[in-house]
Amino acid sequence: MSNMNLYSAGDKIFVRINMFLVAMFTLSTLYPFIYIAAVSFSTGDAVTSGQVILTPVDMTLAAYKHVLAEPMFWISYKNTFIYTIGGTILSLLIIVPGAYALSRPQLVGRRFWNMLIAFTMWFNAGMIPFFLNMRDLGLLDSYIGIIIGFACNAFNIILLRNFFESLPASFEEAARMDGANDFQILWKVYVPLSKPALATITLFCIVARWNGFFWAMVLLRDEDKIPLQVYLRQTIIQLTDDDDFASSLLEATYSFETVSAAIMVCSIIPVLLFYPFIQKYFNKGIMMGGVKE
Amino acid sequence: MSGVKLDKIVKRYGNIEVVHGIDLEVQSQEFVVLVGPSGCGKSTTLRMVAGLEEISGGTLTIEDKVVNNVAPKDRDVAMVFQNYALYPHLNVYENMAFGLRIRKESKESIDKQVTEVAETLGLTDYLERRPADLSGGQRQRVAMGRAIVRHPKVFLFDEPLSNLDAKLRTQMRAEIKRLHKRLGVTSLYVTHDQVEAMTLADRIVVMANGRIEQVGTPMDLFNNPKNIFVASFIGSPPMNQIDAEIDVVEGKLFAKFGDHRLALADSKELGTHCQGHKVVLGIRPEHILTNAQAEADPETATNAIPVELDLIETLGSEALLHTMVMDRPFVVKAETHGDIAHLEKTSAFHFKPSMISLFDKETGDAIDHPAKA
Amino acid sequence: MNVIQSKIGWFIRHVRREWQLYLMLAPTVIWFILFLYKPMYGLQIAFKDYSIFRGIEGSSWVGFEHFYTLFGNDQFIRAIWNTLIISSLSLLFGFPIPILLALMFNEILNQTFKRTAQTIVYLPHFISTVIIAGIVITAFSPSSGIVNQFLVWLGMEPIYFLTKPEWFRPIFIGSGIWQEAGFGSIVFLAAMAGVNPSLYESAVVDGASRWQMMWKITIPCILPTILIMLIIRIGNLLEVGFELIILLYQPATYSTADVISTFIYRQGLIGAQYDLAAAAGLFNAVVAFILVMTANTISKHYSRTSLW
């Protein structure tokens, strides 16, 4: 039924109005991004005087030059990469075998283990005990703490476990009869078969790591270890109070707004580059484990 | 030498026993088919042999070695699954090589074996393809190929043809039979399709409710079913059944039902004092005569019941005549000789007394079964 | 005795055969114990006079003292109210929009347009909270922000939105909708994809319009999903996106913006009153747990399968 000619007049109107509304919603979703990009490429004056609406005014790279000349930007960018790559790899190393084990019917106490995982979705000790625990474990202000402390969560494990459970048991049985052990079954059969689910979980991990700011802000004291998001926050909040910065603005073509917009753009770009590769998977992958009817 | 021996094999899930002590000995190189309705325990039994289910009781021997607690990979058995379980991410070659690679065989040896088996199965041109790019029959062949390359002691088949369409199924059935003749590997085959069982098996094991009902060659089961269940399960269309009472007239046995009365063959088991004994008459559709053939023969000329046909299904050389007898469907398979006009005129079914099997109404067991003699 | 022996024998055989599974499970279990269950043990400081030097076990018990303090604290009571109000409003305005959006997507025939639009509306979900806050701060800035430019263009006075308590909730909820509405529609789109196409085909043959099909087929078919999602949302009523609040609020807007989590953050992590903040967290966790369990029970009743 994709041939419009087969539609009644009323349906045609309905379809067109609907398309218009979706287009409006989509554009309004897109607009803030365009606005921020436009601000980042405009002069400070143009932004302050409110001329920037859709496209850059007095196109300039001044804000980017300022941002890229800032060593803290590069340090925090590097740190974000460390946290994202290290954290995602560690997460997968824990989650994938764990989910596989939990999906096996022959696992003794399977119900108990699953409850142990699921319970944490319903009851959480909260911010303070978690913080004190990290401190007691000596994981404050360290790369390791950020990477290990958030390596796992119940949702991802359950998502993947459900996906593994949905695969026909005969794959495992065939491999077992062929002489494969559990590690071989997981690595040679389940992992290749679970690409959509694994892609989804990888995406979740990467995005969470890339965007994570709260705990990085709380747990890290050392400026040299903060990730990009924490640096961005400091910029947005502190630039206005920074006298040096304020005075440097007098003769500069950038402003507080354009500089923060430029950092935001720099932080979004990797997400945008990465997004299309994995986007095709998550429609499918997400449903595999999430709400299944 | 015995290939596989099941001695009082039991399967329990918690407190529920689903397989109640199966005894079965599969001879080396024999092709045995387990057949029965779904839920009869045939697949569970097969999976216990494979090692995919734990054995709750009894002893399983493969080539005279007890394997109850041996892992599947060490039992030296190979299995063909209902859904083939071909790895979608591997091509045909890699699918077949999977088991050999796991067993760390040398590259040359893997290559040699896979190529050889692929040739046998006519898969040489498809080795590079992924399962998704194969037809149903080809996938089926790859699944068998994967089992064959391992040169196992026993082949296990779990309803391997049930995902194929009717035509392919017939073709693959013949292929499996040919393959077995050539390779001569002990095979245990599970199906719910009695035609598959009849055509493939050296011996058939009919199962119901976790028990073996009867074991025998296909013809043995067809001719001498032990009870109503086996009788109705083996043969297509199934055996017709009529509830009747025994009537003894002058030392001769008759079956009485409704207004009808049919002469029966002499019985060793039913004496003359069995007047009124409740039985089930079992008559195979192909053993019933229609007017034209029967009236000539004095034995069948009067041994008949009048019928009105509701339906004739034409199959070509044969036709199925449908009617109701004693409120139950009754089917006769008759030859058409190229024309069904003469069948449309059918007004009575004639019975040869020797072709009527008798079953005890109460126990369902066959009366005068040769095994009892 | 024999039964026990045979069970032990079975278990030894089992572990010998399946030890790899337990090895695979171990990192997960260890991680959960170390990072999620050990803090639960630490929750006891909610009932203690916690001192860093004496540690969790060494600190002395004070019973429910912290809870009395909390419930005597106007700020905490206000935080409870703010939490409930903000999340109820988010639910009220934020819940229907993904459903609407999914229905609208479902009616789009041009696949390229549909895919492009979906790609765009899912995107904000993957953007960090800090950037959302940055966008909000930039767009609502009193001098240069686009919103105030618009107000000035309309001939109105510019408003310093982020210092106005009455504007905090609309801005917070609005940016939440902007970020999550698109992504939230995935669940409903998936439910719609599960509707048997022959239902629509037979409706077309019966002469139904698209509008009628939407009301008579699509919506009834996704109703179970809607219900389950609604129950989940109600179960998570205490969960407010506090990270965005921390980034956006300021003392001037505490009266409408301060929620339980931000209260805990300020008391505990900034003010170092760990025991009091832990008590607030425990209260929050217990109420949340009750809500979630109730919701899960109800949804089990509806869907016959548990959510997870």
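Calculation criteria
- Residues numbered from 1 in each chain as written.
- Chains lettered and ligands numbered in written order.
- Predicted model: local features only at pLDDT ≥ 70, side-chain atom pairs only at ≥ 80, totals over all residues.
- Heavy atoms only, no water.
- UniProt positions renumbered as here; feature names shortened; annotations may be inferred.
- Helix = DSSP H or I, 4+ residues; strand = E, 2+ residues; numbered from the N terminus.
- Contact = heavy atoms within 4.5 Å.
- Buried area = accessible area lost by both parts, 1.4 Å probe.
- Salt bridge = Lys/Arg side-chain N within 4 Å of Asp/Glu carboxyl O.
- Polar contact = N/O pair within 3.5 Å; in protein donor to acceptor, adjacent residues only side chain to side chain.
- Nonpolar A, V, L, I, M, F, W, Y, C, P; charged D, E, K, R; others polar.
- 1 Å grid on protein atoms, 1.4 Å probe; cavity = no way out; pocket = protein on both sides within 12 Å on 5 of 7 lines; lining within 4 Å.
- Points joined across faces, edges and corners; volume = space filled by probe spheres on them.
- Pairing = 2+ DSSP bridges.
- Axes fitted to C-alpha atoms, helices over the stretch in contact; angles between N-to-C directions.
- Buried < 20%, exposed > 50% of the residue type's maximum accessible area, 1.4 Å probe, protein only.
- Domains from an automatic or database assignment.
- Phe/Tyr/Trp six-rings, centres within 6.5 Å; stacked < 30°, edge-to-face > 60°.

If you look chain C up in an unreviewed UniProt entry, it shows as Sugar ABC transporter permease from Leucothrix arctica. In the Subcellular location (unreviewed entry) part of its UniProt record, chain C is described as follows: "Cell membrane". UniProt, in its Sequence similarities (unreviewed entry) section for chain C, records the words "Belongs to the binding-protein-dependent transport system permease family."

The name given to chain A in an unreviewed UniProt entry is Carbohydrate ABC transporter permease, with Leucothrix arctica as the source organism. Under the Subcellular location (unreviewed entry) heading, UniProt states for chain A: "Cell membrane". Regarding chain A, the UniProt comment filed under Sequence similarities (unreviewed entry) reads as follows: "Belongs to the binding-protein-dependent transport system permease family."

Caption draft 1: Quick peek at the UniProt feature "transmembrane region" (unreviewed entry) in chain A. Residues and elements named next belong to chain A. The sites that carry the UniProt feature "transmembrane region" (unreviewed entry) are, in the present numbering, residues 20-41, 81-100, 112-131, 143-164, 185-210 and 259-278. Each end of residues 81-100 is marked by a C-alpha atom, and these two atoms are 28 Å apart; helix forms 100% of the span and strand 0%. Secondary structure across residues 112-131 divides into 80% helix and 0% strand, with the first and last C-alpha atoms of the span separated by 27 Å.

Caption draft 2: Local environment of the interface of chain A and chain C. On the chain C side, the residues contacting the 103 residues of chain A number 100 residues. For the pair chain A and chain C, the two sides together bury roughly 9100 Å², of which 77% comes from carbon and sulfur. Here chain A is connected to chain C by 0 salt bridges. Across the contact surface, chain A and chain C share 17 residue pairs in polar contact (both at pLDDT 80 or more). In terms of residue count, the dominant contributor to the side of chain A that touches chain C is helix α1 (residues 9-40) of chain A (18 residues). Residues belonging to the side of chain A that touches chain C are distributed by class as follows: 71 nonpolar, 21 polar and 11 charged.

Caption draft 3: Representation of empty space enclosed by the protein. All names here are of chain B. Going through the model one piece at a time under the given rule, you end up with 7 cavities of 30 Å³ or more. The space that makes up the second largest cavity amounts to roughly 80 Å³. Lining the second largest cavity are 13 residues, and of these F155, F157, I176, L179 and H180 lie nearest its centre. Elements represented by at least two residues in the lining of the second largest cavity include exactly α4 (136-148), β7 (154-158) and α5 (166-183). In terms of residues, the lining of the second largest cavity owes the most to one element, α5, which gives 4 residues.

Caption draft 4: Summary view of the interface of chain A and chain B. If you look at the interface, chain A gives 16 residues, while chain B gives 21 residues. A combined buried area of about 1700 Å² lies between chain A and chain B, and 66% of that area is made up of carbon and sulfur atoms. When the buried surface of chain A facing chain B is broken down by residue, E173(A), M177(A) and D178(A) rank first, second and third, together holding 42% of it. Here D178(A) makes a salt bridge to R150(B), at a shortest N to O gap of 2.9 Å. Between chain A and chain B we count 8 residue pairs in polar contact (both at pLDDT 80 or more) in total. For the side of chain A that touches chain B, the secondary-structure elements that each account for two or more residues are α9 (169-177) and α10 (182-193) of chain A. Ranked by residues supplied to the side of chain A that touches chain B, first place goes to α9(A) with 7 residues. Taken together, the residues of the side of chain A that touches chain B sort by class into 9 nonpolar, 3 polar and 4 charged.

Caption draft 5: Fine view of the sheet that holds strand β20 (residues 348-351) of chain B. Residue and element names in this part refer to chain B. Sheet architecture is open: 3 strands sit in the order β15-β20-β16, paired in antiparallel fashion. Looking along the sheet, the strands with just one partner apiece sit at the ends: β15 (288-290) and β16 (304-306). Strand-to-strand twist of the sheet, defined as the mean angle between neighbouring strand axes without regard to direction, takes the value 30°. Alignment of β16 against β20, held across 3 bridges, turns out to be antiparallel. If you follow I305 over to β20, its bridge partner there is F349.

Caption draft 6: Main features of the pattern of salt bridges. Summed over the entire model, instances satisfying the criterion amount to 26 salt bridges over all chains. We note a salt bridge from E94(B) to R101(B), for which the minimum N-O separation is 2.8 Å. For D243(B), the salt bridge identified is with R328(B), shortest N-O distance 3.4 Å. Highlighted residues: D243(B) in strand β11 (residues 240-249) and R328(B) in strand β19 (residues 328-335), separated in sequence by 85 residues. By relative accessible area, D243(B) is classed as partly exposed at 31%. A relative accessible area of 30% places R328(B) in the partly exposed class. Because the salt bridges share partners, they merge into one network encompassing R104(A), E172(A), R176(A) and D182(A).

Caption draft 7: Representation of helix α2 (residues 92-102) of chain B. Residues and elements named next belong to chain B. Burial analysis of α2 places 9 of its 11 residues in the buried class, the great majority of the element. Capping of α2 at its N-terminal end is provided by N91; its side-chain oxygen lies 3.2 Å from the backbone amide nitrogen of Y93. Positive backbone phi, at 55°, marks K104, one or two positions downstream of α2.

Caption draft 8: Region of interest: the pairing of strand β1 (residues 2-13) of chain B. Examined bridge by bridge, β1(B) and strand β2 (residues 16-27) of chain B share 9 bridges and lie antiparallel to one another. Pairing of Y13(B) across the sheet is with I16(B), part of β2(B).

Caption draft 9: Summary view of the domain arrangement of chain A. Each assigned domain of chain A is listed with its residue range as follows: domain 1 (9-60 + 253-288) and domain 2 (71-219). Relative to domain 2 of chain A, the C-alpha centre of domain 1 of chain A lies at a distance of 31 Å.

Caption draft 10: Local environment of the packing of aromatic side chains. In the structure shown here, the tally under the stated rule is 56 aromatic pairs over all chains. An angle of 65° between the planes, with centres 5.7 Å apart, marks the rings of F119(A) and F289(C) as edge-to-face. Of this pair, F119(A) sits in helix α5 (residues 110-122) while F289(C) sits in helix α15 (residues 274-303), which puts the two residues in different chains. With 5.2 Å between their ring centres and 85° between their planes, F71(C) and F283(C) make a pair best called edge-to-face. Residue F71(C) is located in helix α3 (residues 65-71), and its partner F283(C) is located in helix α15; the two are separated by 212 residues in the primary sequence. The partly exposed category is assigned to F71(C), whose relative accessible area is 40%. Here the aromatic cluster, defined as three or more aromatic residues joined through ring pairs, consists of F130(A), F150(A), F213(A), F214(A), W215(A), F242(C) and Y265(C).

Caption draft 11: Focus on the UniProt feature "domain: ABC transmembrane type-1" (unreviewed entry) in chain C. In the UniProt entry, the feature "domain: ABC transmembrane type-1" (unreviewed entry) is given for residues 80-295 of chain C. For residues 80-295 of chain C, helix accounts for 76% and strand for 0%, while the C-alpha atoms at its two ends are 20 Å apart.

Caption draft 12: Seen up close, the environment of L36(C). Residue position: L36(C) is located in helix α1 (residues 2-42). In the structure, L36(C) is positioned 99 residues away from I135(C) in sequence and 34 Å away in space, judged by C-alpha atoms.

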